[in-house]
Amino acid sequence: MADEKIALLRTIPMFATISDREIERIGMLTEEVELPAGRVLFNQDDTASELFVVVSGSVRVERDGRHLATRGPGEFFGEIALVSEGTRTASATCETDCRLFILGRREFHSLMDEFPDLKMKVLETLAQRIRTLDTVSVH
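Residues numbered from 1 in each chain as written. Predicted model: local features only at pLDDT ≥ 70, side-chain atom pairs only at ≥ 80, totals over all residues. Heavy atoms only, no water.

Draft legend 1. Main features of the pattern of salt bridges. Applying the stated rule across the entire model yields eight salt bridges. Glutamate 75 serves as the salt-bridge partner of arginine 71, at 3.8 Å between the closest nitrogen and oxygen. A relative accessible area of 30% means that glutamate 75 is categorised as partly exposed. Among the charged side chains, a network of salt bridges with common partners joins Glu4, Glu32 and Arg99. (Salt bridge = Lys/Arg side-chain N within 4 Å of Asp/Glu carboxyl O. Buried < 20%, exposed > 50% of the residue type's maximum accessible area, 1.4 Å probe, protein only.)

Draft legend 2. Molecular detail of the sheet that holds strand β3 (residues 50-56). Reading across the sheet, the four strands line up as β1-β8-β3-β6 and stay open at both edges, with antiparallel pairing between neighbours. Taken across any chain shown, the strands that pair with only one partner, and hence form the sheet edges, are β1 (31-35) and β6 (76-77). On the sheet, helix α1 (residues 3-10) packs against β1, β3 and β8 (98-104) and is oriented at approximately 90° with respect to β8. Contacts between helix α4 (residues 105-114) and the sheet are confined to β3 and β8, with β8 contributing the most and set at about 75° to the helix. (Pairing = 2+ DSSP bridges. Helix = DSSP H or I, 4+ residues; strand = E, 2+ residues; numbered from the N terminus. Contact = heavy atoms within 4.5 Å. Axes fitted to C-alpha atoms, helices over the stretch in contact; angles between N-to-C directions.)

Draft legend 3. Region of the structure containing a nonpolar patch on the surface. Together, Val83, Met120 and Leu123 make up a nonpolar patch on the protein surface, roughly 220 Å² of accessible area in all. Along the chain, valine 83 turns up in helix α3 (residues 79-84). Its relative accessible area of 33% is what places valine 83 among the partly exposed residues. (Patch = residues over 30% accessible without salt bridge, like charges linked within 9 Å, V, L, I, M, F, W, Y side chains within 5 Å. Areas by Shrake-Rupley, 256 points an atom, 1.4 Å probe, with all protein chains shown as cover.)

Draft legend 4. Representation of the sheet that holds strand β4 (residues 59-63). Strand order in this open sheet of four strands is β2-β7-β4-β5, and the pairing throughout is antiparallel. The two strands at the open ends of the sheet, each matched to only one other strand, are β2 (40-42) and β5 (66-71). Here the average twist between neighbouring strands, direction ignored, is 25°. Direction of pairing for β4 relative to strand β7 (residues 91-94): antiparallel, over a ladder of four bridges. Bridging from a neighbouring strand, valine 59 pairs with cysteine 94 of β7.

Listed below in structure tokens is the structure:
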């Protein structure tokens, strides 16, 4: 596996403290892509099939046409629908040219099963985002 990919994975806070074996496993399961500004990654209510990690660039996240968040380097998104096995709760579009790691549904669940610490980080982020979605829905 390319040393550059391992180095990039290490820059992601969620992966920064995991073992070499774990980071190599994540590297094997993720696909790296470069996408142009304006590229729609997914739309609200789409069936979920992957989680995204931003390596560089920024991604705009919207729900019902309202801006929820901008995800930048080191942040991930798309986990809500993968954990719940449901549809997307928001839309995501590249605001700038982006470099992303993509983790498919099957690979995501394999990692969650193999690495409990990583699973906890994802679940903590998920809980925080659900609270944010509830706040946005109420106002």
